[in-house]
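Summary of the model geometry
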Amino acid sequence: MLLEKINNLIDLIDRSMMEITSIIDTIKENGMEKILKDEPKIMGNLFSLVEKMNNLPNINDLLDVINESIDVLAKENKEFGQSIIDISNAAVNFKIIDGFYLLIKDAKMSIALGELEDAPVNIAGNASTIVKVLTGKIDAIEAFTSGMISIEGDASEAMKLLPLQESMKKLIE
């Protein structure tokens, strides 16, 4: 039941993102000047759309659930848990809109919104690509060499996450 609800939400988000892309493409094709002449109220609606996207409800609650899931998986799946222990300590900022960071400290992994000031490495890319890299759906090295993500700072710190990526991939398959 819950899995079905989550899948329905994913489908809804996918359809919404396709609709947003279509709107943006239409604006680019027709030009904002023409659109504003025909529909002067559109600018306010566009700002409302951005505001609603940036104020998605319960994002911190969702991150809490994800972090709790990470803890449970680390206890129940030896390979995943060991990959976190093996990393020991790591801190990575992921630069996307309203970035987030991944922190592994004292054999515990957590994800949170924001940016760590002293993170030795920053990984930038679009949200979809970064999530696919973290979950092993896209190989991290391939993503880097193809320009899908960029790395600033200590690349060896990012390399620490490769075994974690492999165990995450096995967990979600």
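Structure's up top.
Now for a quick tour of the structure. A quick note: this is a predicted structure, and the numbers were derived from the prediction, not measured. (Residues numbered from 1 in each chain as written. Predicted model: local features only at pLDDT ≥ 70, side-chain atom pairs only at ≥ 80, totals over all residues. Heavy atoms only, no water.)

With respect to the helices and strands, Ser 83 occurs in helix α5 (residues 78-87). For Ser 83, a relative accessible area of 6% translates into the label buried. The contact partners of Ser 83, leaving out residues within four places of it in the chain, are Pro 163, Leu 164 and Ser 167. (Helix = DSSP H or I, 4+ residues; strand = E, 2+ residues; numbered from the N terminus. Buried < 20%, exposed > 50% of the residue type's maximum accessible area, 1.4 Å probe, protein only. Contact = heavy atoms within 4.5 Å.)

Across all of its chains, the model carries one aromatic pair by this definition. Ring centres of Phe 94 and Phe 100 lie 5.0 Å apart, and the angle between their planes is 20°; this geometry places the pair in the stacked category. Taken as a pair, Phe 94 and Phe 100 share a single burial class, namely buried. (Phe/Tyr/Trp six-rings, centres within 6.5 Å; stacked < 30°, edge-to-face > 60°.)

Attention now goes to the sheet that holds strand β2 (residues 100-105). In spatial order, the strands read β3-β2-β1-β4-β5; together these five strands make up an open sheet with mixed pairing. Here the strands that pair on one side only, and so sit at the sheet edges, are β3 (108-113) and β5 (149-153). Ignoring strand direction, the axes of neighbouring strands in this sheet form an average angle of 20°. Sheet topology places strand β4 (residues 121-125) next to β5; five bridges connect them, and they run antiparallel. Pairing of Val 121 across the sheet is with Gly 153, part of β5. Contacting β1 (90-95), β2 and β3, α5 crosses the sheet at an angle of about 85° to β3. (Pairing = 2+ DSSP bridges. Axes fitted to C-alpha atoms, helices over the stretch in contact; angles between N-to-C directions.)

On to the pattern of salt bridges, then. Counted according to the given criterion, the structure contains five salt bridges. When the shortest N-O distance is used, the salt bridge between Asp 38 and Lys 34 registers 2.9 Å. Of this pair, Asp 38 and Lys 34 both sit in helix α2 (residues 32-38), four residues apart, which is roughly one turn of that helix. Of the residues examined, Lys 34 reaches a relative accessible area of 45% and is grouped as partly exposed. (Salt bridge = Lys/Arg side-chain N within 4 Å of Asp/Glu carboxyl O.)

Okay, the layout of surface pockets next. The space that makes up the second largest pocket amounts to roughly 270 Å³. Lining the second largest pocket are 16 residues, with Ile 123, Ala 140, Ile 151, Ala 158 and Leu 162 sitting closest to its centre. Those elements that place two or more of their residues in the lining of the second largest pocket are α6 (127-134), α7 (140-145), β5, α8 (155-159) and α9 (162-172). Split by residue class, the lining of the second largest pocket holds 15 nonpolar, one polar and no charged. (1 Å grid on protein atoms, 1.4 Å probe; cavity = no way out; pocket = protein on both sides within 12 Å on 5 of 7 lines; lining within 4 Å. Points joined across faces, edges and corners; volume = space filled by probe spheres on them. Nonpolar A, V, L, I, M, F, W, Y, C, P; charged D, E, K, R; others polar.)

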